[in-house]
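Commentary on secondary and tertiary structure
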Amino acid sequence: MKAPTNWVPVCTVDDLVADSGIAVWTEDGPVSVFYLPNRLPALFAVSHTDPFSGSNVLARGITGDINGEPVVASPIYKQHFSLRTGRCLEDEGVQIKVYPALLDGNRIRLEVPVVQAAPVAA
Amino acid sequence: MEHQTLIVIGNGMVGHHFLEQFCQSPASEHYQLVVFGEEKQLAYDRVHLSEYFGGSTHADLAMATAEWYDAQGIELHLNEPVTSIDRENQIVTTPKGHYLYHQLVLATGSYPFVPPIAGNDQDGCFVYRTLADLDAIRASAAQARSGVVVGGGLLGLEAANALKSLGLQAHVVEFAPRLMPVQLDDQGGGLLRQKIEDLGVQVHTEKATTEISPGAEARLRMNFADDSHLDTDLIVFSAGIRPQDTLARACGLEVGERGGIVVNNQCTTSDPAIHAIGECALWNHRIFGLVAPGYTMARTLVAALNQDQDAAFTGADMSTKLKLLGVDVGSIGDAHAQIPGARNIRFHDEQSGHYRRMVLSQDGKKLLGAILVGDNGPYDTLLQYVLNGIELPDNPESLILPESEGGAPALGADALPDTASICSCHNVTKGDICCAIDAGCTDVGSVKTETRASTGCGGCSALLKKVVDSELEKRGVEVCTDLCEHFPYTRQELFHLVKVNGIRTFQNLISQYGKGQGCDICKPTVGSILASCWNEHVLATDHVPLQDTNDTFMANMQKNGTYSIVPRIPGGEITPDKLIVLGEVAKQYNLYTKITGGQRVDLFGATLSELPEIWEKLIAAGFETGHAYGKSLRTVKSCVGSTWCRYGVQDSVGMAIMLENRYKGLRAPHKVKMAVSGCTRECAEAQSKDFGVIATDKGWNLYVCGNGGMRPRHADLFATDLSDDELIRTIDRVVMFYVRTADRLQRTSVWLENLEGGLDYLKQVVLDDSLGIGEELEQHMAELVSTYRCEWKAAVEDPEKRKRFREFVNAPAQKDPVQQWTFERGQRRPVLEVVAS
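Source: prediction; values computed, not measured. (Residues numbered from 1 in each chain as written. Chains lettered and ligands numbered in written order. Predicted model: local features only at pLDDT ≥ 70, side-chain atom pairs only at ≥ 80, totals over all residues. Heavy atoms only, no water.)

Some details on the UniProt feature "domain: Rieske-like [2Fe-2S]" (unreviewed entry) in chain A
Under the present numbering, the feature "domain: Rieske-like [2Fe-2S]" (unreviewed entry) in UniProt falls on residues 6-110 of chain A. End C-alpha atoms of residues 6-110 of chain A are separated by 8 Å, and the span's content is 0% helix alongside 47% strand. (UniProt positions renumbered as here; feature names shortened; annotations may be inferred. Helix = DSSP H or I, 4+ residues; strand = E, 2+ residues; numbered from the N terminus.)

Written out as structure tokens, the structure is:
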């Protein structure tokens, strides 16, 4: 059974930058949202965390396409991640989280897992 | 086998080459090597001796270092001339002692011939052979206005150039009716004379000097046989060389009638334990006064000492290609058509100043020799025809006719046989190059390293590239120069398309000339091109997505996602007040602070959202962005210069600040560093920069295309004694030509090495304006300079641009949880664990 999710609003259209990314904070942690106006769909959301450096930087990478696949290049060590699948093009074993995104009027919503309040460890 | 002693007398280019080759050979295990040099310095490149006046030092010209000799276990005795050889007991004697030998190699070279003219030994008379000679000439020239070179041959013209570069009115006095009588004919010599006179050097031919007496208008007077005379402050004799065979003569070795130590095909003298190589050796009644045959002799002797039965010196090609006072001169093979039945084809264009002569065999099928004056373009092709006996095309004249008149293309690398010699300095054949490629070399650079081709005089570099490219192509290695999958063009081609078509956005360019959406290769490249062409703000909406994060956020991203900030400190000069501001800002934001190598201060650990606030404070204190994040001018490092330093001859700080303010913000294919030193002591280390300026007492010397870092490269001397204006105009042109023609992420050093024609070509384009684009380049630079704005100032003043610096657009108060800190040596530094492997 699918874990419960919420479609949470994270920002508005005015916050987006064409052909580039911005970072938002969600209950699931930092997420980067990319807007590629020449593609359909034009919105992509993936984790903001670069798995190779552990830093929250992916929204600041350069977007583009490699053999037709929409990608972002990590600004730290330059690996490419598919914006559709989250898969790293240079290293098959590495994948980042992908979040479904949609435009709701002027707002961008992401589908994020509902976080259960976890008991605080002693 | 016990160690034997091999003594080499002479530490010149050929002697050194012998040692290099011998040390790599198996026989080296059985010999202790001992070398005696008469000069104080280690072997240096005498071919490029005149560069000593252009600012090169002995270290620049040196063939090797003392460390190399040490590492090879060679016992080196410099400044210790051998005074005699005792063949019976196999002992050489110097003023310092006696040394036993088993094998002896004479590499004593030659000495300059000084014609027996009365008064030729007085003050102000010099020869042109050693660094000591050049030091003496330089000292004398300081008090002189004019200088005469006696001898209009190859070396004489080099010397005349040197006198000219010392600021003297230079004269050349030649006994023969024309210049370079050995290499050229009357027409070629006449054209060369005309060109040299146009450059301000006065040529006097058919002059026999009878006496040198005190002068009336200058220190000395040369009296000629035709009763004319010429007053001059100094005289340089360069009337040919004579083999240095004094030691050999004294110990009874066989010498030639007109000098030279007689050697056989193995370079062994009449004494089987003594050998001779280079200009002192007489082979088959001939002396070889060029370095390449000397190297061949050295290699032959090494082979013979390694018991190679086939080792034999069989003569050498004496073809020469050189640039004298900026004029191309080439002479190949039987240039004077002395072979019976030879026929000539001549092309003489008085309009553009080109003379070309081909000497053909009687049947017209083979090329025997050639003469070129004014343009050495056809030299490589003609030389290959001569050396390899390749059959000429049906219309051989096309080889020397200008291409617009239906000239034949240069001989393709394909047509050369495997035995064709490509590099004569290191004896590398086309076959050797093919082997290197088969062994895995895939570019010119690796072939050079592997075979040493083109690492001697460098004259064969263009030919080498052709051979490498053609062989790679044959092997199916596609030499793809496309920028990336989105653009089938090189950076240079894209630059051209943008400039010519007035394209101002990436979208426009990719829709017209590319495909797809772009990537992290082509976007920053095009961003840089657009900035170089139009100088619009890097954060203008259309340009944001093109930039690397460093350019987008105008700071340098560090491993934990924070940034470092480097404000501009032009020339490294900063007031105490501004320094205090840097300290206060760093303290307030808890920034790790470090002094950079470029005389600035780097502040680490700012978060994205802190950047605009920090810059507001810095701008208020008068700072500007330092472009440490950009492919653009970084710093102009300087020493303190004549304002404070006891040795400084110019205001290096003032010049550095002027240059830094002029070129700041300019977008280039890669970062650009500059430095200005206030005197020849070079405290600013300008020769390791892309552009290095060194003060002279007359102005500035400009060095270009140096590099530190991973692959250090000494900058090349480009122009001397420039005024402030000339300096800036020259740098403008070189920078702009680099911006226009370099590849993506290509530093100036690599750019120059890949530029066809190299330094000479760059000089032609910039100094002689051979492409006629000089003014355009200056104008383009002037536009960029006049449209400069501090990017950070523009960004903090614009609320739309500031929006870009929100760390999380929906949660301004949210801190980045991975940025955790610890303290070390009193400052903050990141703690970071790598998540994925």
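The rest of the description comes next.
Digging into the interface of chain B and chain A
Contacts between the two partners involve 42 residues from chain B, matched on the other side by 38 residues from chain A. A combined buried area of about 3000 Å² lies between chain B and chain A, and 51% of that area is made up of carbon and sulfur atoms. The three residues of chain B that bury the most area against chain A are Gln517, Asp520 and Val809 of chain B, which together make up 18% of that side's buried surface. At the boundary of chain B and chain A, one finds three salt bridges. Along the lines of polarity and charge, the residues of the side of chain B that touches chain A split into 18 nonpolar, 13 polar and eleven charged. (Contact = heavy atoms within 4.5 Å. Buried area = accessible area lost by both parts, 1.4 Å probe. Salt bridge = Lys/Arg side-chain N within 4 Å of Asp/Glu carboxyl O. Nonpolar A, V, L, I, M, F, W, Y, C, P; charged D, E, K, R; others polar.)

Quick word on the nonpolar core
Residues and elements named next belong to chain B. Phe487, Leu659, Met674, Ile731, Trp751 and Leu762 are the most contacted members of the largest nonpolar core, which has 62 residues in total. Looking at this core element by element, the count peaks at nine residues for helix H20 (residues 724-741). Once you skip the residues sitting within four places of it in the chain, Met674 turns out to touch Leu633, Thr635, Val636, Lys637, Tyr663, Lys689, Phe691, Ile731 and Val735. One finds Phe36, Leu104, Tyr295 and Ala298 within the second-largest nonpolar core, a separate group that totals 50 residues. (Core = buried A, V, L, I, M, F, W, Y, C linked by side-chain atoms within 4.5 Å. Buried < 20%, exposed > 50% of the residue type's maximum accessible area, 1.4 Å probe, protein only.)

Observations regarding the sheet that holds strand S15 (residues 229-232) of chain B
Residues and elements named next belong to chain B. Within the open sheet, the three strands sit side by side as S13-S14-S15. Their pairing is antiparallel. With one partner strand each, in any of the chains shown, strand S13 (209-214) and S15 form the two edges of the open sheet. Here the average twist between neighbouring strands, direction ignored, is 20°. Note that strand S14 (residues 220-224) and S15 share four bridges and pair antiparallel. Bridge pairing in S15 places Asn223 opposite His229. (Pairing = 2+ DSSP bridges. Axes fitted to C-alpha atoms, helices over the stretch in contact; angles between N-to-C directions.)

A few points about the environment of Asp226 of chain B
All names here are of chain B. Structurally, Asp226 can be placed in the loop between S14 and S15. Taking the C-alpha atoms as reference, Asp226 lies 43 Å from Leu399; in sequence the two are 173 residues apart. Polar contacts involving the side chain of Asp226 include one to the side chain of Lys207, which spans 2.8 Å. (Polar contact = N/O pair within 3.5 Å; in protein donor to acceptor, adjacent residues only side chain to side chain.)

Quick word on the packing of aromatic side chains
Residues and elements named next belong to chain B. The full count for this structure, using the stated rule, is 18 aromatic pairs over all chains. Ring centres of Phe18 and Phe22 lie 5.6 Å apart, and the angle between their planes is 20°; on these two criteria the pair is classed as stacked. Residue Phe18 and its partner Phe22 are both found in helix H1 (residues 13-23); the two are separated by four residues, about one turn of the helix. For the residue pair Phe18 and Phe22, the accessibility class agrees, reading buried in each case. The interplanar angle of 85° and the centroid separation of 5.2 Å between the aromatic rings of Trp283 and Phe313 together place this pair among those described as edge-to-face. Within this pair, whereas Trp283 is found in strand S20 (residues 281-283), its partner Phe313 is found in the loop between helix H8 (291-305) and strand S21 (320-324), the two being separated by 30 residues in sequence. Grouping aromatic residues by their ring pairs yields a cluster made of Phe553, Tyr563, Trp615, Trp792 and Phe805. (Phe/Tyr/Trp six-rings, centres within 6.5 Å; stacked < 30°, edge-to-face > 60°.)

A word on the environment of Trp821 of chain B
Residues and elements named next belong to chain B. The residue Trp821 is located in strand S37 (residues 820-824) in this model. Remark: the alpha-carbon pair of Trp821 and Met557, spanning 264 residues in sequence, is separated by 16 Å. Beyond its immediate sequence surroundings of up to four residues, Trp821 is in contact with Asn560, Thr562, Gly605, Arg828, Arg829, Pro830 and Val831.

Some details on the UniProt feature "binding site: siroheme" (unreviewed entry) in chain B
Residue and element names in this part refer to chain B. Per the UniProt entry, the sites bearing "binding site: siroheme" (unreviewed entry) are Cys683 in this numbering. Within the fold, Cys683 resides in the loop between strand S33 (672-677) and strand S34 (691-696). On the basis of relative accessibility, which here comes to 58%, the residue Cys683 falls in the exposed class. Not counting residues up to four positions away in its chain, the partners in contact with Cys683 are Cys639 and Ser677.

Considerations on unusual backbone geometry
Residues and elements named next belong to chain B. Here Asn590, not a glycine, exhibits a phi torsion of approximately 55°, which is positive. The residue Asn590 is located in the loop between helix H17 (576-588) and strand S30 (592-595) in this model. In this structure Asn590 comes out as partly exposed when scored by relative accessible area, which is 34%. The backbone of Glu685 shows a phi angle near 55°, a positive value even though the residue is not glycine. Note on placement: Glu685 falls in the loop between S33 and S34. Residue classification places Glu685 among the partly exposed residues on the basis of a relative accessible area of 45%.

Comments concerning the sheet that holds strand S7 (residues 103-106) of chain B
Residue and element names in this part refer to chain B. An order of S3-S2-S1-S7-S19 is seen for the five strands of this open sheet, with the pairing classed as parallel. Both edges of this open sheet fall to strand S3 (75-77) and strand S19 (274-276), since each of them pairs with a single strand only. For this sheet, the mean angle separating the axes of adjacent strands, direction not counted, is 20°. Inspection of the sheet shows strand S2 (residues 31-36) paired to S3 by three bridges, in the parallel sense. For Val35, the partnering residue across the bridge sits in S3 and is Leu76.

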